[in-house]
Amino acid sequence: MRDYLRVAGKAAIVTGSGRGIGRGVAMELASYGVKVMVTDINDENGLRVKDEILAAGGTAEYCHCDVMKVEDIKNLVQKTVEAFGTVDILVNNAGGGEPPCDFDTITDERWDHYIRFNLYSAFFMIREVFPHMKAQKRGKIVNISSGYAIGGGDFCAHYASAKAGVIGLTTSIAKEAAPFGINVNVIPVPTTDTPGLREADFELVADEIPLIPLGRIAVPEDVANTVLFLVSEAADYVTGQIVAPNGGKRMLV
Ligand SMILES: NC(=O)c1ccc[n+]([C@@H]2O[C@H](COP(=O)([O-])OP(=O)(O)OC[C@H]3O[C@@H](n4cnc5c(N)ncnc54)[C@H](O)[C@@H]3O)[C@@H](O)[C@H]2O)c1
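Residues numbered from 1 in each chain as written. Predicted model: local features only at pLDDT ≥ 70, side-chain atom pairs only at ≥ 80, totals over all residues.

Student: An account of helix α9 (residues 220–231) is requested, with residue identities and associated values reported.
Tutor: Along its 12 residues, α9 runs 16 Å from first to last C-alpha, staying within 8% of the 16 Å computed at 1.5 Å per residue. Burial within α9 is extensive, with nine of its 12 residues counted as buried. When α9 is considered as a whole, its buried residues turn out to be Pro220, Asp222, Val223, Ala224, Thr226, Val227, Leu228, Leu230 and Val231. Packing partners of the buried residues in α9 comprise β1 (11–14), α1 (20–31), β4 (89–92), β5 (139–146) and β6 (182–189). (Helix = DSSP H or I, 4+ residues; strand = E, 2+ residues; numbered from the N terminus. Expected span 1.5 Å × (residues − 1). Buried ≥ 20, exposed ≤ 12 C-beta atoms within 10 Å, placed from the backbone. Contact = placed C-beta atoms within 7 Å.)

Student: Got a sec to walk through the site of the ligand? Specific residues and values, please.
Tutor: Around the ligand, 28 residues are found, and the nearest of them are Gly16, Gly20, Gly95, Thr194 and Gly196. In terms of residue class, the shell around the ligand is built from 10 nonpolar, 15 polar and three charged. (Near = placed C-beta within 6 Å. Nonpolar A, V, L, I, M, F, W, Y, C, P; charged D, E, K, R; others polar.)

Student: Please set out the packing of α1 against helix α2 (residues 43–55) residue by residue, giving values where relevant.
Tutor: Orientation of α1 relative to α2, taken along the N-to-C sense of each, is 25°, at an axis distance of 10 Å. One way to sum up the angle between α1 and α2 is to call them roughly parallel. Handedness of the crossing formed by α1 with α2: right-handed. Across the interface between the two elements, Arg23, Ala26, Met27 and Ala30 from α1 touch Val49, Glu52 and Ile53 from α2. Across the contact of α1 with α2, the residue classes break down as five nonpolar, no polar and two charged. (Axes fitted to C-alpha atoms, helices over the stretch in contact; angles between N-to-C directions. Parallel < 35°, antiparallel > 145°, perpendicular 65-115°, else oblique. Left-handed = near helix turned anticlockwise from the far one by under 90°.)

See the structure below:
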């Protein structure tokens, strides 16, 4: 029998995997035999996801990590290597925005916070896993950006700017990492039904559905399926790409 994905047995870190898209990605990868380091700032949620994976017959560990803290990131990568022997896959998922606001009301502190939360965090994580991937001449990195990074955000200039930065980070590192067999891609996630969205601006979702050719907003599994492909050996020749599971809302990105 042939195996299209060839991901079973690989070791992955999925940041912010205690709920929402991160949880969906962790569950999906684990269901295909990937050993998953679940990590979050919310230990209760993170441990629950780890237990869900174990209950389904998968392999998972949990490590607390605030992606805004470099020391937490160093500890996370060390714990992953101790648990699984290496890091083959990194999914930079942790991030987020806040309810819409006019750009001229964004304070210095909020600007700084959202750039750090969404952009610095991805850079710190990649910098930390890179030596391990480089040494084994193999690795898959997927960065979670947002459709707002491409189409403009609705009243969230700080978040959209940070997520646009994630695209520049992706393409730049993809070039530097390619000689080492490391693929780096980015998903501009569309509106997706997660706890984070429901806490932020869920009432705007109804207005968006008529603009989506496939007629619904995304669910975490839609993003997880795309991540699964990008971290698999089926995507060995895909790097530096923006891959958009967006129901056709924006075509030819
Ligand atoms: N849901 C959407 O509509 C949507 C759209 C575009 C992009 N995205 C992006 O997708 C990613 C996941 O979004 P979501 O909707 O699943 O979010 P969510 O809020 O539902 O879940 C985010 C998870 O990250 C964790 N987290 C928060 N701060 C953290 C930190 N400092 N360090 C580590 N973990 C932390 C939370 O505890 C939570 O478990 C984010 O990067 C977000 O910007 C989401």
